[in-house]
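# Geometric and topological summary
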Amino acid sequence: MNSFISADSIKFEYKNIEGQTQLALDGLNIKIDKGEFVAVLGHNGSGKSTFAKHMNAILVPTEGKLTVKGMDTADDDLLYDIRQCVGMVFQNPDNQLVATVVEEDVAFAPENLGVPREEIRKRVDDALEAVGMTKYKLHATYKLSGGQKQRVAIGGIIAMRPECIVLDEPTAMLDPVGRKEVMKSIRMLNRDLGITIVLITHHMNEAAEADRVIVMSKGKVIMDAPPKEVFWRTEELYDAGLSVPQPVELLLLMRKDGAEIEEGVLTVEECAEALAKIIKSARK
Amino acid sequence: MIKDITLGQYFPGESVIHRIDPRVKIILTLAYIVMLFVAKGPIGYGICLAALIYMIAVSKISLRIILRSMKPLLFIIVFTAILNMFYIPGRILVEFWILRITYEGIETAIYMALRIAMLISGTFVLLTYTTSPIMLTDGIEHLLNPLKKLKFPVHELAMMMTIALRFIPTLIEETDKIMSAQKARGADFESGNLINRARALVPILVPLFISAFRRADELAVAMECRCYRGSVGRTRLKVLKMQPLDYIAICVSLVLCVSIILSAVM
Ligand SMILES: Nc1ncnc2c1ncn2[C@@H]1O[C@H](COP(=O)(O)OP(=O)(O)O)[C@@H](O)[C@H]1O
Ligand SMILES: [Mg+2]
């Protein structure tokens, strides 16, 4: 109950027009604390997006309860308090920008919240500064690159002054440069502004940057641990239809061939160190 | 070819034309359109043309862009002009079979073509190219505000227009992509008669519509996430306020309108 976001065995069923149902969340238990950087992994259809939409009351659990700062998402009176508190960024930047000019788009949320004009100005400027898009304030959104558009979308959420931002595969449609820009912004939001981040992603190296990784499968949590631990439970990851980061994969292959390797290595630098150690010990 | 459609594109800038209040711009555009139909003879048209050239020069919109925006309508311009050329009675210039071209016909055709061209380029320069879509819809919202009392959904209409304008470039780009993809698979959009060509468009329109609906759905969710709940309690980053510049623009336009009307009447 004390957690910032707390999902208590929530179930969610999609109903189509013919009345058929599709169980997308099946007794999900997740607690997220303030200031955390959590990555959510899972193959397609494992219910990640469905869970994301529960965190700001776009969807409400069919069974169970989800609270944000103690506010029940099923309570209609708290709807806008919850949405202001938990912002959401989606995969396709083209489909979330409302306005044609960058600063006008960033102003959209504060305008909806009825923030006074001078305050909107300040929030827009701050938000654009935070995502490094101040230079593009008056640019047309359709002329920006994918990464820039996505940063504007993030800016539009920051202008709401949320305590948490949920990003649903924000880098999936971007090129490597755009991906890097967006990841840099996300890290900055978490470290410098203390915003809680829930990052849904398909890229293992992005998930590796989080404090904690949650792996979902068939609407349930199957792993919930720091990345160093999760990524070495390879059997389970492969079972969930996921891959492992390249450094881990390499070291695992070497271990199979008899090299002595300790677990917990994650980044390319750590991998290089581990390799250096092996080479040194082989020389002796 | 599809990229030629520049409708809904805004070219940010700081020129006088850019800075005029959108409400004033909308009214002046309407006045300009009316004047194009009121104008008679070289003086009236001359004033309209001079005003247009001035606006293009000041707004620094390149002539290439303006010409490109007229390209899709070239057919209509030429068609109306030719029709006029043959149907206006008067002193005969050439005659063959049942067709005859008159001096008056040629004159009307030229004026007609000029009128349509000036109408299109003038509206584009005054409105869409130099006014950010949000400002434009803001202006419309303000001008229609009295209708709110009659329960007319003014804010909703303005929001719909904002979004439509925002998505035009996106959908154009998408159409282009789909067309390229179909061409790569051997589709042919350029040959055959009108019916064949229209039929070739079906495989473009179907995916385009499906994607547009998906986009609409995603945008609706994204707007909800940003706490959108209609016009109630909504504030604005930019509030429209008349500046001295706006009054000057109104005065100058008024003088021009009066001269055009006088030149037409006399
Ligand atoms: N709008 C919808 N209507 C019906 N079923 C849906 C809808 N959206 C998702 N689903 C189903 O719910 C399950 C979980 O989907 P989703 O949350 O999108 O997974 P993920 O984001 O992990 O790929 C899938 O089986 C999917 O087919
Ligand atoms: Mg998804």
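Before reading on, note that the structure itself is shown above.
The present account deals with the structure reproduced in this document. Each residue is numbered by its place in its chain's sequence as written, counting from 1. Whichever chain is written first is A, and whichever ligand is written first is 1; the rest continue in order. Side-chain atom pairs in this predicted model are given and counted only at pLDDT of 80 or more, local residue features only at pLDDT of at least 70, and totals for whole chains, interfaces and linings cover all residues. Derived side-chain values reflect all non-hydrogen atoms in the structure, with water molecules and hydrogen atoms excluded from consideration.

### As for empty space enclosed by the protein
Cavity means a closed set of points on a 1 Å grid over the protein atoms alone, one where a 1.4 Å probe fits but cannot get out, pocket means an open set with protein on both sides within 12 Å along at least 5 of 7 lines, and lining means a residue has an atom within 4 Å of a point. Grid points are joined across faces, edges and corners, and a volume is the space filled by probe spheres set on the points. Inspection of every chain in the model, using the stated rule, returns four cavities of 30 Å³ or more. Around the largest cavity, the lining comprises 13 residues; the ones closest to its centre are Ile-134, Met-159, Thr-162, Arg-234 and Arg-236 of chain B. Runs of E in the DSSP output that reach at least two residues are strands. Runs of H or I that reach at least four are helices, and both are numbered from the N terminus. Elements supplying a minimum of two residues to the lining of the largest cavity: α4 (108-112) of chain A together with α7 (133-144) and α8 (154-184) of chain B. Note on residue categories: nonpolar means Ala, Val, Leu, Ile, Met, Phe, Trp, Tyr, Cys or Pro, charged means Asp, Glu, Lys or Arg, and polar means any other residue, Gly included. Grouping the amino acids of the lining of the largest cavity by side-chain chemistry returns four nonpolar, three polar and six charged. Approximately 50 Å³ is the volume attributed to the second largest cavity. As for the second largest cavity, its lining consists of Met-88, Phe-90, Gln-96, Ala-153 and Ile-157 of chain A together with Ala-222 and Arg-226 of chain B. Its residues placed into classes, the lining of the second largest cavity shows five nonpolar, one polar and one charged.

### Structural notes on the layout of surface pockets
Residue and element names in this part refer to chain B. Considered as a void within the structure, the largest pocket measures approximately 630 Å³ in volume. Lining the largest pocket are 24 residues, and of these His-18, Arg-19, Ile-20, Met-135 and Lys-238 lie nearest its centre. Every element with two or more residues in the lining of the largest pocket is listed here: α1 (16-19) and α2 (22-38). Taken together, the residues of the lining of the largest pocket break down into nine nonpolar, six polar and nine charged.

### Considering the packing of helix α3 (residues 41-59) of chain B against helix α6 (residues 103-128) of chain B
Residue and element names in this part refer to chain B. An axis is simply a line fitted to the C-alpha atoms; with a helix, the fit covers only the stretch in contact. Between two such axes, the angle follows the N-to-C directions and lies from 0 to 180 degrees. Two numbers describe how α3 lies on α6: the axes approach to 10 Å, and their chain directions differ by 30°. The angle between α3 and α6 falls in the class roughly parallel. Relative to α6, α3 is oriented so that their crossing is left-handed. Touching Gly-41, Pro-42, Tyr-45, Cys-48, Leu-49, Leu-52, Met-55, Ile-56 and Ser-59 of α3 are Tyr-111, Leu-114, Arg-115, Met-118, Ser-121, Gly-122, Val-125 and Leu-126, all from α6. Residue classes in the contact of α3 with α6 are distributed as twelve nonpolar, four polar and one charged. In these notes the angle categories are as follows: under 35 degrees is roughly parallel, over 145 is roughly antiparallel, 65 to 115 is roughly perpendicular, and the rest is oblique. Crossing handedness is defined as follows: a turn of the near helix away from the far one that is anticlockwise and smaller than a right angle gives a left-handed crossing, while the clockwise case is right-handed. The contact criterion used throughout is that any non-hydrogen atoms of two residues lie within 4.5 Å.

### Section: the interface of chain A and chain B
Counting residues at the interface gives 41 residues for chain A, matched by 35 residues for chain B. The term buried area denotes the loss of accessible surface (1.4 Å probe radius) that occurs when two parts are joined, taken as the sum for both partners. In total, chain A and chain B occlude about 3500 Å² of area from one another, counting both sides; carbon and sulfur atoms represent 55% of this. The rule for a salt bridge is simple: a side-chain nitrogen of Lys or Arg has to be within 4 Å of a carboxyl oxygen of Asp or Glu. There are six salt bridges connecting chain A and chain B. One salt bridge connects Asp-105 of chain A with Arg-226 of chain B, and the closest N-O pair in it is separated by 3.0 Å. Polar contacts, as used here, are pairs of N or O atoms within 3.5 Å; protein pairs need one atom able to donate a hydrogen and one able to accept it. Residues neighboring in sequence count only if both atoms are side-chain atoms. On the surface where chain A and chain B come into contact, there are 16 residue pairs in polar contact (both at pLDDT 80 or more).

### Considering helix α10 (residues 244-265) of chain B
Residues and elements named next belong to chain B. Multiplying 1.5 Å by the residue count of a helix minus one yields the expected span of that helix. Spanning 22 residues, α10 covers 32 Å between terminal C-alpha atoms, matching the ideal 32 Å at 1.5 Å per step. Under the scheme applied here, a residue whose accessible area is under 20% of the maximum for its type counts as buried, over 50% as exposed, and between as partly exposed, the area being computed with a 1.4 Å probe on protein chains only. Buried within α10 are the following residues: Asp-246, Ala-249, Ser-253, Cys-257, Ile-260, Ser-263 and Ala-264. The arc enclosing the buried residues of α10, seen along the axis, measures out at 130°, which places them on a common side. In α10, the exposed positions that point more than 90 degrees away from the buried face belong to Pro-244, Ile-248, Leu-254, Val-255 and Val-265. Buried positions along α10 lie against α1, α2 and α3. The directions from the helix axis to the C-beta atoms are what the arc is built from.

### Thoughts on the pairing of strand β10 (residues 220-225) of chain A
By this definition, two strands are paired if DSSP reports at least two bridges between them. In this sheet, β10 of chain A lies alongside strand β9 (residues 212-217) of chain A in antiparallel orientation, the contact comprising five bridges. Bridging from a neighbouring strand, Val-215 of chain A pairs with Met-223 of chain A of β10 of chain A.

### Things to note about the environment of Lys-65 of chain A
All names here are of chain A. On the secondary structure map, Lys-65 appears in strand β4 (residues 63-68). Among the residues examined, Lys-65 registers a relative accessible area of 40% and is labelled partly exposed. For the pair Lys-65 and His-54, spaced eleven residues apart in the sequence, the C-alpha separation amounts to 10.0 Å. Residues contacting Lys-65, with those up to four places away along its chain left out, are Ser-6, Ala-7, Asp-8, Ile-10 and Asp-72.

### Brief notes about the nonpolar core
Residues and elements named next belong to chain A. Among the buried residues, those of types Ala, Val, Leu, Ile, Met, Phe, Trp, Tyr and Cys that are joined through side-chain atoms within 4.5 Å form a nonpolar core. Ile-165, Ile-197, Val-215 and Phe-231 are the most contacted members of the largest nonpolar core, which totals 59 residues. In terms of residues, this core owes the most to one element, helix α6 (residues 146-158), which gives five residues. Ile-165 has contacts with Gly-87, Val-89, Ile-157, Ile-158, Leu-189, Ile-195, Thr-196, Ile-197 and Val-198, leaving out every residue within four places of it along the chain. Of all hydrophobic cores here, the second largest spans 35 residues; its members include Phe-4, Val-38, Cys-164 and Ile-200.

### A word on the environment of Gly-264 of chain A
Residues and elements named next belong to chain A. The residue Gly-264 is located in the loop between α11 (246-256) and α12 (268-283) in this model. Its relative accessible area of 17% is what places Gly-264 among the buried residues. Distance in space between the C-alpha atoms of Gly-264 and Val-248 is 8.6 Å, their sequence separation being 16 residues. Setting aside residues up to four positions removed in sequence, Gly-264 forms contacts with Lys-228, Trp-232 and Glu-270.

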